[in-house]
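# Architecture and fold: a report
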Amino acid sequence: MADALPAQDDLIRAVRAKRMKTFITFAAGMAGLLFGLDIGVISGALPFITTHFELTSRLQEWVVSAMMLGAALGAVSTGWISFRLGRKTSLMTGAALFVIGALGCSLAPNVAILILSRVLLGFAVGIASYVAPLYLSEMSEKENRGKLISMYQMLVTIGILTAFISDTIFSYGGHWRMMLGVISVPAVLLMIAVFGLPDSPRWLASKGKFEKAKEILRMLNTTDAKADSELNEIHESLKVKQEGWGLFKENKNVRRAVYLGMLLQAMQQFTGMNVILYYAPQIFKHAGFANTEQQMIATVICGATNVLATLIAMKTVDKQGRKPVLKIGFAGIALGTFLLGVCLYMINAGFDALWISIFAILMTLFTIASFAMSAGPVVWILCSEIQPLKSRDFGVACSTTTNWIVNMIIGATFLTLINTFGIAATFWIYTGLNVLFIVLTIMLIPETKGISLENIERNLMEGKRLREIGV
Ligand code: BGC
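In this report, the structure presented in the accompanying data block is examined. Small disclaimer: the values here were computed from a predicted structure and weren't measured.

Glancing now at a nonpolar patch on the surface. A grouping of Val 182, Val 185, Val 188, Leu 189 and Ile 192 is seen on the molecular surface, where their side chains present a nonpolar patch of about 410 Å² in accessible area. Relative to the elements of secondary structure, Val 188 occurs in helix H7 (residues 184-195). The class of Val 188 is partly exposed, set by a relative accessible area of 36%.

For the rest of this paragraph, the subject is the pattern of salt bridges. Within this structure, the stated rule accounts for six salt bridges. Among the salt bridges present, the one from Arg 13 reaches Asp 224, with a minimum N-O distance of 2.8 Å. Here Asp 224 lies in helix H10 (residues 224-238) and Arg 13 lies in helix H1 (residues 4-53), a separation of 211 residues in the sequence. Judged by its relative accessible area of 24%, Arg 13 is partly exposed. In this structure, Glu 385 and Arg 322 form a salt bridge, with 2.7 Å as the shortest nitrogen-oxygen distance. Of the two residues, Glu 385 sits in helix H18 (residues 375-385) while Arg 322 sits in helix H16 (residues 322-348), which places them 63 residues apart along the sequence. For Glu 385, a relative accessible area of 12% gives the class buried. Through salt bridges with shared partners, a single ionic network connects Arg 13, Arg 218, Asp 224 and Asp 228.

Right, let's get into unusual backbone geometry. With phi around 50°, Glu 54 is a residue other than glycine that occupies positive phi space. Positionally, Glu 54 belongs in the loop between H1 and helix H2 (57-85). Using a relative accessible area of 71% as the deciding quantity, one classes Glu 54 as exposed.

What follows deals with the side chain of Thr 431. Tracing the chain through its elements places Thr 431 in helix H20 (residues 423-444). Not counting chain neighbours up to four residues away, the residues in contact with Thr 431 comprise Ala 334, Thr 337 and Phe 338.

Scanning the model with the defined rule gives two cavities of 30 Å³ or more in all. Reported here for the largest cavity is a volume of approximately 180 Å³. Taken together, 18 residues form the lining of the largest cavity, with Ile 39, Gln 153, Val 156, Asn 274 and Phe 371 sitting closest to its centre. Elements that contribute at least two residues to the lining of the largest cavity include exactly H1, helix H5 (145-171), helix H12 (252-270), helix H13 (273-278), H18 and helix H19 (392-421). Looking at the lining of the largest cavity, the element that brings in the most residues is H5, giving four residues.

All right, on to the site of the ligand then. Lining the immediate surroundings of the ligand are 14 residues, of which Gln 268, Gln 269, Asn 274, Asn 306 and Trp 380 lie closest. The separation between an oxygen atom of the ligand and a polar side-chain atom of Trp 380 is 2.9 Å. Relative to its unbound accessible area of 310 Å², the ligand is 100% covered by the protein chains. With respect to the detected pockets, the ligand is housed in the largest cavity.

What follows concerns the packing of aromatic side chains. Both the distance between ring centres and the angle between the ring planes are used here to describe each pair of aromatic rings. A full pass over the atoms with the stated rule returns 10 aromatic pairs. Taking the centre distance of 6.1 Å and the plane angle of 50° together, the rings of Trp 245 and Phe 394 count as tilted. Of the two residues, Trp 245 is situated in helix H11 (residues 244-250) and Phe 394 in helix H19; the sequence distance between them amounts to 149 residues.

Two quantities define a packed helix pair, namely the angle between the axes and the distance from one axis to the other. At a minimum axis separation of 8 Å, helix H3 (residues 87-107) and helix H4 (residues 111-139) run at an interaxial angle of 155°. As far as their axial angle goes, H4 and H3 are roughly antiparallel. Between H3 and H4 the crossing geometry is left-handed. A per-class count over the contact of H3 with H4 returns 18 nonpolar, five polar and three charged.

A word on the nonpolar core. Counting 138 residues, the largest nonpolar core has Ile 49, Phe 98, Trp 404 and Phe 427 as its most contacted members. Trp 404 has contacts with Phe 35, Ile 39, Met 67, Met 68, Ala 71, Ala 72, Ala 75, Val 125 and Ser 129, leaving out every residue within four places of it along the chain. Core analysis: the next-biggest nonpolar cluster, separate from the first, contains five residues, Phe 248, Val 254, Val 258 and Cys 398 among them.

A word on the environment of Ser 171. Position of Ser 171 relative to the elements: it lies in helix H5. The spacing of Ser 171 and Ile 442 is 271 residues in sequence and 44 Å in space, taken between C-alpha atoms. When near neighbours in sequence (up to four residues on either side) are disregarded, Ser 171 contacts Phe 48, Met 179, Thr 292 and Met 296.

What counts and what doesn't
Residues numbered from 1 in each chain as written. Predicted model: local features only at pLDDT ≥ 70, side-chain atom pairs only at ≥ 80, totals over all residues. Heavy atoms only, no water. Patch = residues over 30% accessible without salt bridge, like charges linked within 9 Å, V, L, I, M, F, W, Y side chains within 5 Å. Areas by Shrake-Rupley, 256 points an atom, 1.4 Å probe, with all protein chains shown as cover. Salt bridge = Lys/Arg side-chain N within 4 Å of Asp/Glu carboxyl O. Helix = DSSP H or I, 4+ residues; strand = E, 2+ residues; numbered from the N terminus. Buried < 20%, exposed > 50% of the residue type's maximum accessible area, 1.4 Å probe, protein only. Contact = heavy atoms within 4.5 Å. 1 Å grid on protein atoms, 1.4 Å probe; cavity = no way out; pocket = protein on both sides within 12 Å on 5 of 7 lines; lining within 4 Å. Points joined across faces, edges and corners; volume = space filled by probe spheres on them. Near = heavy atom within 4 Å. Polar contact = N/O pair within 3.5 Å; in protein donor to acceptor, adjacent residues only side chain to side chain. Sits in = over half its atoms within 2 Å of the grid points. Phe/Tyr/Trp six-rings, centres within 6.5 Å; stacked < 30°, edge-to-face > 60°. Axes fitted to C-alpha atoms, helices over the stretch in contact; angles between N-to-C directions. Parallel < 35°, antiparallel > 145°, perpendicular 65-115°, else oblique. Left-handed = near helix turned anticlockwise from the far one by under 90°. Nonpolar A, V, L, I, M, F, W, Y, C, P; charged D, E, K, R; others polar. Core = buried A, V, L, I, M, F, W, Y, C linked by side-chain atoms within 4.5 Å.

Structure, rendered in structure tokens:
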């Protein structure tokens, strides 16, 4: 009986640690969900906003891409904010901006305030897209890190789908203000959840607060010995000082890794995936589905396809490797956008057959699935793997910012491209780019499956070709 008590204590401690970890995953995951909600919400709201404020194509593009501008600014500055104030305070700032931005969009009396609120919202998304995965990886055991990045991507796609569903519900009465405002509810929940989060022990240790770091590690681990050994590891890794900008300037190999990360994110965005997400209702209108309800339901199917295909990626990416998955993905997107362009060309030329519209929808779904199974998660995984330890924060900040800048360029040019070249040719431009990306993947992208990060770094620093740093 006397022996049973310590065992019971251990059990209680293990249950507490598990609960804490589940809460952490849930709270940081909420940031991913909000990232997705904000990406997804605009496609359904845009047609109503356009009518309400009588927007030109140029202003529509601005309403869409103001968020990406904010996100790029957020991603650039968040490296500094999260280093200075910590991951928790940064997430809290992000959550507060989510609330203000969502309410601002929903109540906007004119388009200028709407655009400004979208920039604020974007700033929050920029913070969330950088800090949440970083916080998650710092709070998790090494073995789970890869899985956590895919899980985060999964939550982004669930957020997009949820936004599409909520847009559909509100579209019946044309309530665009509700579509944009309802996002403040999960944002408030995120704020409350972040209150309960512990700060990252790694960040605390980097600020010299070892006692506090130890306390949190003991809360997260089942035994004191495990907690102490983790603190030792943190101690060791802190000896590697982050010197991103300095190393970037003086070391050619560090520059190659940073450029590769930026190229990967630019490729991900130039696939054209977000064009389909942001403008899905318009695409379906061109395909002959004229009423808003039909377009919105088709959009929900797009969101669901995105989630399901991401699930497949989570299962395959560690088995098949990054490179084959990327090549197949780009080939799929090239084929999908090409055939979608052909359908839209025929519809515009006056062919009025139902099968063409259905085929156009199928090709849209095929393109989305090809992206979600490949470039969606794989690019984020590769970007976190290829940067040398000493300049990892800097490298990831550069690639994440590139993601948002190119995202903005895509959102800000799509309607202009359609007005200039027509919708079919616009998709064919993306076809051409995806073919180019197959070539770039073969020539430049390394295969990092099953290779330790130390090995990748050694190969990079020895000056091996980029495509060989994973071998
Ligand atoms: C991309 C986003 C995109 C999302 C779609 C992410 O990997 O970075 O731009 O909207 O996938 O699921």
